[in-house]
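Chain by chain, the residues:
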Amino acid sequence: MKEVISTKAAPAAIGPYSQAIKVGNLVYTSGQIPINPATGSIVEGGIKEQTRQSLTNVKAILEEAGLTMANVIKTTVFMADMNDFAEMNAVYAEFFVEPYPARSAVAVKTLPKGALVEIEVVAHNG
């Protein structure tokens, strides 16, 4: 049975989806763009600031599920420009410790609200 995970510490869904879904020992987050939940706006700055906010949103959702970033087993990073990879990666490294989760990083044509990055994760509670 699936359980909806929702928190006001992360941006509300901007469409017909949940912030996260828990099924068994797994939590699947929806992609998090760099929206500040207090303002409802994309954070100012470039890829570093946007990556930090996206991962802060992920962290808040996981905390609502009783998990931490250490529970993350897989991430997917969508970027508007792969030339931003090194800067994104530097901030990303601040949020994870070894053993690092598996990761995919892909460039996409556009992201919602003109974001530079969107990040989704799968976390395991076991």
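Residues numbered from 1 in each chain as written. Predicted model: local features only at pLDDT ≥ 70, side-chain atom pairs only at ≥ 80, totals over all residues. Heavy atoms only, no water.

Considering helix α1 (residues 47-64)
Right, so step 1: Under the 1.5 Å per step criterion, the end-to-end length of α1 is 26 Å for 18 residues, consistent within 8% with the ideal 26 Å.
Right, so step 2: Along α1, the residues that are buried comprise Ile 47, Gln 50, Thr 51, Gln 53, Ser 54, Leu 55, Asn 57, Val 58, Ala 60, Ile 61 and Leu 62. (Helix = DSSP H or I, 4+ residues; strand = E, 2+ residues; numbered from the N terminus. Expected span 1.5 Å × (residues − 1). Buried < 20%, exposed > 50% of the residue type's maximum accessible area, 1.4 Å probe, protein only.)

Points about the pattern of salt bridges
Right, so step 1: Tallied over the entire structure, the rule returns one salt bridge.
Right, so step 2: The closest approach of N and O atoms between Arg 52 and Glu 94, which form a salt bridge, is 3.0 Å. In this pair, Arg 52 sits in helix α1 while Glu 94 sits in helix α2 (residues 85-95), placing the two residues 42 residues apart along the sequence. (Salt bridge = Lys/Arg side-chain N within 4 Å of Asp/Glu carboxyl O.)

Brief notes about the packing of aromatic side chains
Right, so step 1: Summed over the entire model, instances satisfying the criterion amount to one aromatic pair.
Right, so step 2: Summarising the aromatic geometry, the rings of Tyr 92 and Phe 96 are spaced 4.6 Å apart at their centres and angled 35° between planes, so their arrangement reads as tilted. Grouping residues by exposure puts Tyr 92 and Phe 96 together as buried.
Right, so step 3: The residue whose ring lies beneath Arg 103 is Tyr 92, and the NZ or CZ to ring-centre distance is 4.5 Å. (Phe/Tyr/Trp six-rings, centres within 6.5 Å; stacked < 30°, edge-to-face > 60°. Lys NZ or Arg CZ within 6 Å of the ring centre and 35° of its normal.)

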